[in-house]
Amino acid sequence: MSGLVVRAWTPEDSEELARLFIRSVREVARRDYRPGQIEAWAEVAGEPSIWAERMRDRVVFVADENGHAVGFIQFDPPDHIDMTYVHPERQRMGVATALLAALEAEARRRGVKILHAEASITSHPFFEARGYETLTPQFVRVRCQDFLNYRMRKRLP
């Protein structure tokens, strides 16, 4: 992808990333989750002050393509990958891979030996293909909806 740059999040990104998140959940994850789950999941970005606080409290990398966010990933120190989302029109184009590489480099810089993630059904194959091992499937409850996801980890070289 020409013009793709991975950079640090700024407060000005919050609104655009909320829209990207909602689109990604509604258009990409819908193949793996029921409509009620999708709407409960998308509501996470529906509260601007909580969304902005969530961004401020983590290390967030943004995939920027010619001035527009096409993906983001959140690192919740010391060792947790919290969110990984890519615009529906930029799926399978290396965006998530570039974001994960930036996050893993930051984790290594901080001396992290093992990274953890809770991967959705949708993102599970992505993480698995990049060396993350599945520890266990689990159910989490969000806004009265139960979601299957996978606890995963990767030992960093």
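Source: prediction; values computed, not measured. (Residues numbered from 1 in each chain as written. Predicted model: local features only at pLDDT ≥ 70, side-chain atom pairs only at ≥ 80, totals over all residues. Heavy atoms only, no water.)

**Some remarks on the sheet that holds strand S3 (residues 68–76)**
Phase 1 of the analysis: Pairing is mixed across the open sheet formed by seven strands, whose spatial order is S1-S2-S3-S4-S5-S7-S6. Edge positions in the sheet fall to strand S1 (4–8) and strand S6 (133–142), since each of these pairs with one other strand and no more. The sheet shows a mean angle of 25° between the axes of neighbouring strands, taken without regard to direction.
Phase 2 of the analysis: Note: strand S5 (residues 114–120) against strand S7 (residues 145–155), seven bridges, orientation antiparallel. When the bridges of S7 are listed, Glu118 appears paired with Arg151.
Phase 3 of the analysis: Relative to S7, helix H2 (residues 35–42) is tilted by about 65°, and along the sheet it contacts strand S4 (80–86), S5, S6 and S7.
Phase 4 of the analysis: The sheet contacts of helix H4 (residues 95–109) involve S1, strand S2 (59–65), S3, S4, S5 and S7, and relative to S3 the element is tilted by about 35°. (Pairing = 2+ DSSP bridges. Helix = DSSP H or I, 4+ residues; strand = E, 2+ residues; numbered from the N terminus. Axes fitted to C-alpha atoms, helices over the stretch in contact; angles between N-to-C directions. Contact = heavy atoms within 4.5 Å.)

**Brief notes about the pattern of salt bridges**
Phase 1 of the analysis: Counted under the stated rule, the structure contains 16 salt bridges.
Phase 2 of the analysis: Across the salt bridge formed by Arg7 and Asp13, the nearest N and O atoms sit 2.8 Å from each other.
Phase 3 of the analysis: Across the pair Glu133 and Arg153 runs a salt bridge, and its minimum N-O distance is 2.9 Å. Residue Glu133 is located in strand S6, and its partner Arg153 is located in strand S7; the two are separated by 20 residues in the primary sequence.
Phase 4 of the analysis: With relative accessibility at 35%, the residue Glu133 sits in the partly exposed group.
Phase 5 of the analysis: The partly exposed category is assigned to Arg153, whose relative accessible area is 24%.
Phase 6 of the analysis: Among the charged side chains, a network of salt bridges with common partners joins Arg54, Arg58, Asp76 and Asp82. (Salt bridge = Lys/Arg side-chain N within 4 Å of Asp/Glu carboxyl O. Buried < 20%, exposed > 50% of the residue type's maximum accessible area, 1.4 Å probe, protein only.)

**Points about the packing of helix H1 (residues 14–27) against helix H3 (residues 48–56)**
Phase 1 of the analysis: Remark: H1 packs on H3, axes separated minimally by 10 Å, with the N-to-C direction vectors making an angle of 105°. As far as their axial angle goes, H3 and H1 are roughly perpendicular. Within the contact between the two elements, H1 uses Ser14, Leu17, Ala18 and Phe21 and H3 uses Trp51, Ala52 and Met55.
Phase 2 of the analysis: Looking at side-chain class alone, the contact of H1 with H3 contains six nonpolar, one polar and no charged residues. (Parallel < 35°, antiparallel > 145°, perpendicular 65-115°, else oblique. Nonpolar A, V, L, I, M, F, W, Y, C, P; charged D, E, K, R; others polar.)

**Observations concerning the environment of Thr122**
Phase 1 of the analysis: Of note, Thr122 is situated in the loop between S5 and helix H5 (124–129).
Phase 2 of the analysis: Of the residues examined, Thr122 reaches a relative accessible area of 18% and is grouped as buried.
Phase 3 of the analysis: Taking C-alpha positions, Thr122 is 8.0 Å from Arg31, a pair spaced 91 residues apart along the chain.
Phase 4 of the analysis: Here Asp32 takes part through its side chain, which lies 2.6 Å from a polar atom of the side chain of Thr122. (Polar contact = N/O pair within 3.5 Å; in protein donor to acceptor, adjacent residues only side chain to side chain.)

**A look at the nonpolar core**
Nonpolar side chains in soluble globular proteins tend to end up buried together.
Phase 1 of the analysis: Ranked by size, the top nonpolar core spans 24 residues in total, and within it Ile73, Ile81, Leu100, Leu103, Leu115, Phe127 and Tyr132 carry the most contacts.
Phase 2 of the analysis: Counting residues per element, the ones that place at least two in this core are S2, S3, S4, H4, S5, H5 and S7.
Phase 3 of the analysis: Ranked by the residues each element gives to this core, the list is headed by H4, at seven residues.
Phase 4 of the analysis: When sequence neighbours within four positions are dropped, the list of residues in contact with Leu100 reads Ile73, Ile81, Phe126, Phe127, Arg130 and Tyr132.
Phase 5 of the analysis: Core analysis: the second largest hydrophobic core is formed by 23 residues, Leu17, Phe21, Val44 and Phe147 among them. (Core = buried A, V, L, I, M, F, W, Y, C linked by side-chain atoms within 4.5 Å.)

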